[in-house]
Amino acid sequence: MSLLKLLDSSILISQGAEAKVFKAHLTSPSSNPVLIKYRFPKKYRHPVLSAQLTRARITSEARALARCVRSGVRVPDVRLVDLESGIIAMEWIDGKSVRFLLGDDEDETESVLIDNQGLETYGISQEQLMSMIGQTLGRMHKADIIHSDLTTSNMMLTRSSGSPELVMIDFGLSFQSGLVEDKAVDLYVLERAFTSTHPASEQLFEAVLSAYASELGTKAWAAVKKRLDDVRLRGRKRSMVG
């Protein structure tokens, strides 16, 4: 069975402008499920250009995931890559997103504290979770991996190995860079995600930055912090201009 044909019997989980995400079984229904990301052809692009962009983005994502593994960052294992079909298959992660566990702005009175009971099932506190996030981002950035779409929806908590693990997902926009500017922007994106999705979460994000700084080291963190302050200032100016 071709991989594209396999999608017909798979469960569509989500669809965005660039890709469709499925839950599937590569061998038999009794095998462990996988997540399949299918970058479908874009009709508005020239076929050759579309194919080239698809191959480049899948290759970049697979390389970022492999680099994360080598750097001690927990990410889904890559099971299969088919550049011609536009498909990358990854380990299916059983768990909950950090966004779900922290709650969102649908109910501001309960936001951030909405699912403490959920966190208790993993045996960790909010403070410990924030520390895990900061340490993970620090490891990523020490390896010069820029995620580019850092939100609490792209972080999952799982117990696949018995103890709670933070799993980073969705590296479709990631790239490699050692520039302090890129790392600062990565953090700023996450800060904005915290602000917009989890009201009254300033202290939580500060805990993330504290753990990030410890992981990154004093000298490297000083450079990133200075640039993060600059990025914040630029962001405020844009907001004022509209």
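Numbering of residues begins from 1 in every chain and follows the order in which that chain's sequence is written. It should be noted that, the model being predicted, local features are given only for residues of pLDDT at least 70 and side-chain atom pairs only at 80 or more, the latter also being counted only at that level, while totals for whole chains, interfaces and linings use all residues. Only hydrogens and water are set aside when side-chain values are computed; all heavy atoms of the structure are taken into account.

An unreviewed UniProt entry lists the protein chain under the name EKC/KEOPS complex subunit BUD32, from Serendipita indica. UniProt positions are given in the numbering used here, feature names are shortened, and annotations may be inferred rather than shown by experiment. On record in UniProt, under Sequence similarities (unreviewed entry), the comment for the protein chain is "Belongs to the protein kinase superfamily. BUD32 family." One UniProt comment on the protein chain, placed under Subunit (unreviewed entry), says "Component of the EKC/KEOPS complex composed of at least BUD32, CGI121, GON7, KAE1 and PCC1; the whole complex dimerizes."

Bringing the pairing of strand β1 (residues 11-15) into the picture now. At least two bridges found by DSSP between two strands are what make those strands a pair. Strands here are runs of E lasting at least two residues and helices are runs of H or I lasting at least four, both read from the DSSP assignment and numbered beginning at the N terminus. Taken together, the four bridges between β1 and strand β2 (residues 20-24) define a ladder with antiparallel strand orientation. Bridge assignment links Ile11 to a residue of β2, and that residue is Lys23. The turn linking β1 back onto β2 is made up of four residues.

Attention shifts here to the domain arrangement of the protein chain. Many descriptions give the size of an interface as the accessible area lost when the pieces come together. Reported domain spans reflect what an automatic or database domain assignment gives. Parsing the protein chain into structural domains produces domain 1 (3-91) and domain 2 (95-240). Measuring from the centre of the C-alpha atoms in domain 1 to the corresponding centre in domain 2 gives 24 Å. Whether two residues are in contact is decided by their heavy atoms: any pair within 4.5 Å suffices. With 14 residues of domain 1 in contact, the opposing surface of domain 2 contributes 16 residues. Each of two parts loses accessible area, computed with a 1.4 Å probe, when they are put together; buried area is these two losses added. Between domain 1 and domain 2 the total buried area reaches about 1,200 Å² when both faces are included, carbon and sulfur atoms providing 57% of it. Considering only the surface of domain 1 that becomes buried against domain 2, Arg67, Val73 and Arg74 emerge as the three largest contributors, covering 44% of it. Should a side-chain nitrogen of Lys or Arg be within 4 Å of a carboxyl oxygen of Asp or Glu, the pair is scored as a salt bridge. Linking domain 1 with domain 2 are two salt bridges, by the criterion used here. Residue Lys37 pairs with Asp170 through a salt bridge whose shortest N-O separation is 3.2 Å. Under the rule applied, a polar contact is a pair of N or O atoms within 3.5 Å (in protein, one hydrogen donor and one hydrogen acceptor; residues adjacent in sequence only if both atoms are side-chain atoms). Across the contact surface, domain 1 and domain 2 share six residue pairs in polar contact (both at pLDDT 80 or more). It is helix α2 (residues 47-70) that contributes the most residues to the side of domain 1 that touches domain 2, six residues altogether. Its residues assigned to classes, the side of domain 1 that touches domain 2 comprises six nonpolar, three polar and five charged. Residues are grouped as follows: Ala, Val, Leu, Ile, Met, Phe, Trp, Tyr, Cys and Pro are nonpolar; Asp, Glu, Lys and Arg are charged; every other residue, Gly included, is polar.

Now for the pattern of salt bridges. Charged atoms that come close allow side chains of opposite charge to pair. Tallied over the full model, the rule gives 17 salt bridges. Here Arg57 makes a salt bridge to Glu18, at a shortest N to O gap of 3.0 Å. Of this pair, Arg57 sits in helix α2 while Glu18 sits in the loop between β1 and β2, and the two are 39 residues apart along the sequence. The partly exposed category is assigned to Arg57, whose relative accessible area is 29%. For every residue, the accessible area obtained with a 1.4 Å probe (protein chains only) is divided by the maximum for its type, and the residue is called buried under 20%, exposed over 50%, and partly exposed between those limits.

Attention now goes to the packing of helix α5 (residues 126-142) against helix α6 (residues 180-197). Axis geometry follows a simple rule: fit a line to the C-alpha atoms, using only the stretch in contact for helices, then measure angles between N-to-C directions, giving values from 0 to 180 degrees. Viewed as axis vectors pointing N to C, α5 and α6 meet at an angle of 155 degrees, and their least axial separation amounts to 11 Å. Looking at the two axes, α5 sits roughly antiparallel to α6. Crossing geometry of α5 relative to α6 is assigned as right-handed. Where α5 approaches α6, its residues Met130, Ile133, Leu137 and His141 are matched on the opposing element by Lys183, Asp186, Leu187, Leu190 and Phe194. In terms of residue class, the contact of α5 with α6 is made up of six nonpolar, one polar and two charged. Every angle not falling under 35 degrees, over 145, or within 65 to 115 is termed oblique; those three ranges are roughly parallel, roughly antiparallel and roughly perpendicular. Crossing handedness is defined as follows: a turn of the near helix away from the far one that is anticlockwise and smaller than a right angle gives a left-handed crossing, while the clockwise case is right-handed.

For our purposes a nonpolar core is just a set of buried Ala, Val, Leu, Ile, Met, Phe, Trp, Tyr and Cys residues, chained together by side-chain atoms within 4.5 Å. Among the nonpolar cores identified, the biggest contains 45 residues, and Leu129, Ile133, Leu137, Met168, Phe171 and Leu190 are the most heavily contacted of them. Of the residues forming this core, the biggest block, seven residues, is contributed by helix α7 (residues 202-216). For Leu129, the residues in contact, after removing those within four places along its chain, are Val98, Leu102, Leu119, Ile124, Leu157 and Leu166.

Time to look at the side chain of Asp186. Along the chain, Asp186 falls in helix α6. His is not counted, nor are the chain ends, whereas Lys and Arg count as positive and Asp and Glu as negative. Buried charge Asp186 goes without a salt bridge, the closest partner of opposite sign being Lys183 at 9.5 Å. A distance of 2.9 Å separates a polar atom in the side chain of Asp186 from the backbone nitrogen of Ser148. Setting aside anything within four residues of it in sequence, one finds Asp186 in contact with His141, Ile145, Ile146, His147, Ser148, Asp149 and Leu150.

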